Amino acid sequence: MSPVSHGASRRLLLAGALAAVSAAVTGCSSGEATASGGSRRLRIGYFAFPSGDLLVKNRKLLERELPDHRVTWIKFDSGAAVNQAFLGKSLDIAALGSSPFARGISGGSPISYKVAWVLDVAGENEALVARKGSGIVDVAGLRGRTVATPFASTSHYSLLAALRTAGLKPSDVKLVDLQPQAVLAAWQRGDIDAAYVWLPTLDELRRTGIQLTSSKEIGAAGKPTLDLAVVSDDLIARDPHAISSWRKAQARALRLLRSDPDGSVAAVAAELGISAADARAQLRQGVFLTPEQVASPDWLGTDGRPGKLLGYVTDTARFLAEQRQLDAAPAEDTVRKAFYLKGLSDDLT
């Protein structure tokens, strides 16, 4: 995989922003996004991925908090597309993996957004799977093989970490940049030997594959990945109350995952169009914090006292720079400025 300069990457993102906006509009017309009435606009990017985010959307928790806002939910397939949409100024809030977030705040022209919440910690819901019958039984066996993953995603970061631990360089395998649905199609055609991807595509690969490692294992070894939520600088300036209400809705969703598991399963099943059994199985693979844990020193922290997430994001950027995925990693102070923690402690109830 040839390295691309960060400046060139930024230009490519800017060029792709219009396409991302167009895709979002298409999603609205096809039912992939929903809107509620109101005088203020709030555009939220989300993934079709089991988390409290889907509960907030399905149960209209945010719309209840903000009846005077017009809330639009826009589905995305990857963090790279989310970054493009923020560059195109077509999002106010969005789910975003810790790896694409680290990319977004790097370089001379960082994206104008800040992390404001932790949706989940990657566990068994992101993993590396090899095709059965390929002869691949461990990560080291990927040498010379074709491996797919969505570039600039948490799966991509975890794949690079897994290769490094196994003594392989990215150039030792043929890395292919594919979005989840394209990963599944390539797998079914026999075009790839392995893939690192997330649910629900991951479960499809597991049916005919062998899991080599997961983000849970890689995280336990010191390189955790997370699904974060970021807010635009523009929203922080013009409507901080909306961010507070959104955090409260997310906190309620995290509590519902524990207090109402059956209701949570039903909401996720409805949003993903899958059975309750499949929704329950997918939820079990994620790691969901309590609201108090989100704001604890172990994770996001509070205003003026960022938690360990600051170090995780900084380390992620440094690792990506070492792997020549970034020209240079941002300084810790730059990462610190990309945290929006004002009022977080008050938003947990």
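Keep in mind the model is a prediction, meaning the values are calculated, not measured.

Rules behind the numbers
- Residues numbered from 1 in each chain as written.
- Predicted model: local features only at pLDDT ≥ 70, side-chain atom pairs only at ≥ 80, totals over all residues.
- Heavy atoms only, no water.
- Helix = DSSP H or I, 4+ residues; strand = E, 2+ residues; numbered from the N terminus.
- Buried < 20%, exposed > 50% of the residue type's maximum accessible area, 1.4 Å probe, protein only.
- Contact = heavy atoms within 4.5 Å.
- Areas by Shrake-Rupley, 256 points an atom, 1.4 Å probe, with all protein chains shown as cover.
- Arc of directions from axis to C-beta.
- Polar contact = N/O pair within 3.5 Å; in protein donor to acceptor, adjacent residues only side chain to side chain.
- Pairing = 2+ DSSP bridges.
- Right-handed = clockwise from strand over helix to strand, strands pointing away.
- Phe/Tyr/Trp six-rings, centres within 6.5 Å; stacked < 30°, edge-to-face > 60°.

### Observations concerning the overall build of the protein chain
Along its length, the protein chain carries 16 helices and 12 strands. Out of the 349 residues belonging to the protein chain, those deemed buried represent 56%. Expressed as a percentage of contacts within the protein chain between residues at least 6 apart in sequence, the contacts between residues at least 24 apart total 79%. For the protein chain, the accessible area works out to roughly 14,200 Å², and carbon and sulfur atoms hold 51% of it.

### Things to note about helix H13 (residues 276-284)
Along H13, the residues that are buried comprise Ala279, Gln282 and Leu283. The arc enclosing the buried residues of H13, seen along the axis, measures out at 100 degrees, which places them on a common side. Set apart from the buried face of H13 by more than 90 degrees, the exposed residues are Ala277 and Arg284. Where H13 is buried, its residues touch helix H8 (201-206), helix H11 (240-259) and helix H12 (261-272).

### A word on the side chain of Asn125
Within the secondary structure, Asn125 is located in the loop between strand E4 (113-121) and strand E5 (126-131). When its relative accessible area of 1% is taken as the criterion, Asn125 is described as buried. A distance of 2.8 Å separates a polar atom in the side chain of Asn125 from the backbone nitrogen of Gly123. Sequence-distant contacts of Asn125, defined by excluding residues within four places in its chain, comprise Phe49, Asp120, Val197, Trp198, Leu199, Leu202, Gln285 and Gly286.

### Remarks on the pairing of strand E7 (residues 174-177)
Here four bridges tie strand E6 (residues 146-149) to E7, and the two strands are oriented parallel to one another. For Ala148, the partnering residue across the bridge sits in E7 and is Val176. In this fold, E6 hands off to helix H6 (residues 154-165), which returns the chain to E7; that crossover is right-handed.

### Side note on the packing of aromatic side chains
Here the distance between the centres and the angle between the planes together describe a pair of aromatic rings. This model, assessed by the stated rule, comprises five aromatic pairs. Judged by centre distance (5.9 Å) and plane angle (75 degrees), the rings of Tyr46 and Trp73 are edge-to-face. Taken together, the positions of Tyr46 in strand E1 (residues 40-47) and Trp73 in strand E2 (residues 69-76) put the pair 27 residues apart, joining distant regions of the chain. Ring centres 5.3 Å apart and planes at 80 degrees place the aromatic pair Tyr157 and Phe319 in the edge-to-face group. In this pair, Tyr157 sits in helix H6 while Phe319 sits in helix H15 (residues 309-322), placing the two residues 162 residues apart along the sequence. With a relative accessible area of 2%, Phe319 lands in the buried category. Members of the aromatic cluster, connected to one another through ring pairs, are Phe86, Phe101 and Tyr113.

As far as function goes, none of this settles anything; it's purely spatial.
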